[in-house]
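# Structural overview
Here are the chains, one letter per residue:
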Amino acid sequence: MKNRIIVCMTAALAMTAPITGCGSTDKASAPQTVETESASEAAPSDTKTPDASETAGTESSYSPASFKADDVYVSPDQTPTIDITGCDTFTQIVDRLEDGRGYANVTLGDTDVLLVSSGTYEYDPGVNAAIDAEIYYYKDNAPAYLATLSAGGTAYPLSLKDGNIYVGGNHFMSKFLADSGNLIETEEAYVLYDTDGYDTYYYKTCNSQFEDYDEATAKNRFEELFKEQQEAEIISFQPVG
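Residues numbered from 1 in each chain as written. Predicted model: local features only at pLDDT ≥ 70, side-chain atom pairs only at ≥ 80, totals over all residues. Heavy atoms only, no water.

### Description of unusual backbone geometry
A positive phi angle, close to 55°, is found at Asp140, a residue other than glycine. Assignment of secondary structure puts Asp140 in the loop between strand S5 (132-139) and strand S6 (142-150). Here Asp140 falls in the exposed class, since its relative accessible area comes to 68%. For Asp162, which is not a glycine, the phi torsion comes out positive at approximately 50°. Since its relative accessible area comes to 71%, Asp162 is described here as exposed. (Helix = DSSP H or I, 4+ residues; strand = E, 2+ residues; numbered from the N terminus. Buried < 20%, exposed > 50% of the residue type's maximum accessible area, 1.4 Å probe, protein only.)

The structure is reproduced here in structure tokens:
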């Protein structure tokens, strides 16, 4: 496990946002996602499956090297919305959250973190879920901002399994963990529909590129990641206020 994580470090999100104080808070901005539809709207009902004549030469036309993930999903701005100057503990951050937000303490990879969402909603009775979260961790014995994650809609609440957090939408699924002060996207999979409704799948890991996988493998991993997310535990956030 440790060898894999060390290699993955090059895929960690860039954490360049300034960390400012705990004296006041700013309202969280809306998640910047392409997908916001419900699960029932996941794929076009008229999605086409080409016949043999239409698929002739499909393998050679599959061009994952030219795929751009932001054609499916645009990740949120990696800038904190909470002023944590002077905060020595996660509790002090929570004490300064405005009403309507939510928080949860979880362990990602080898790191204990505080998740702060812009809001919560009841996913199941007694379970208040969230689709976005700013992640805070301890750096040099004080809280620091790590990253922001945002899913594609309320059908895909942030979920946790084996120290991995799942972030998904109708047409994408990603898997993250934290290691040594870095948030690492270990796996990501996408489906892109063309104007005729044909679907094309893409998949990569932090150690590989989209072009390292054929489309059959990409589709299989796409489906497996969705299954993992469905089996994961919905992160229960405590609403503020």
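Read on for the rest.
### Re the sheet that holds strand S8 (residues 164-169)
Ordered by their spatial adjacency, 6 strands build an open sheet running S11-S10-S9-S8-S7-S12, and the pairing between neighbours is antiparallel. Only two strands of the sheet have a single neighbouring strand rather than two, namely strand S11 (199-205) and strand S12 (233-234). Bridging between strand S7 (residues 159-161) and S8 involves 3 bridges; their strand directions are antiparallel. Residue pairing for S8: Lys161 is matched across the bridge by Asn164. (Pairing = 2+ DSSP bridges.)

### A short note on the packing of aromatic side chains
Each aromatic ring pair is described using two quantities: the centre-to-centre distance and the angle formed by the ring planes. Tallying each qualifying case throughout the model produces 14 aromatic pairs. Taken together, a centroid distance of 4.2 Å and an interplanar angle of 25° make the contact between Phe90 and Tyr138 stacked. Taken together, the residues Phe90 in helix H4 (residues 90-95) and Tyr138 in strand S5 connect sequence positions 48 residues apart. On the accessibility criterion, Phe90 (9% relative accessible area) is buried. Between Tyr136 and Tyr145, the ring centres sit 5.8 Å apart and the planes meet at 65°, which makes this aromatic pair edge-to-face. The class for Tyr136 is buried, based on a relative accessible area of 0%. On the basis of relative accessibility, which here comes to 6%, the residue Tyr145 falls in the buried class. The positively charged end of Lys204 is found above the aromatic ring belonging to Phe210, 5.9 Å away from the centroid. (Phe/Tyr/Trp six-rings, centres within 6.5 Å; stacked < 30°, edge-to-face > 60°. Lys NZ or Arg CZ within 6 Å of the ring centre and 35° of its normal.)

Interpretation note: all reported values are geometric properties and have no functional meaning in isolation.
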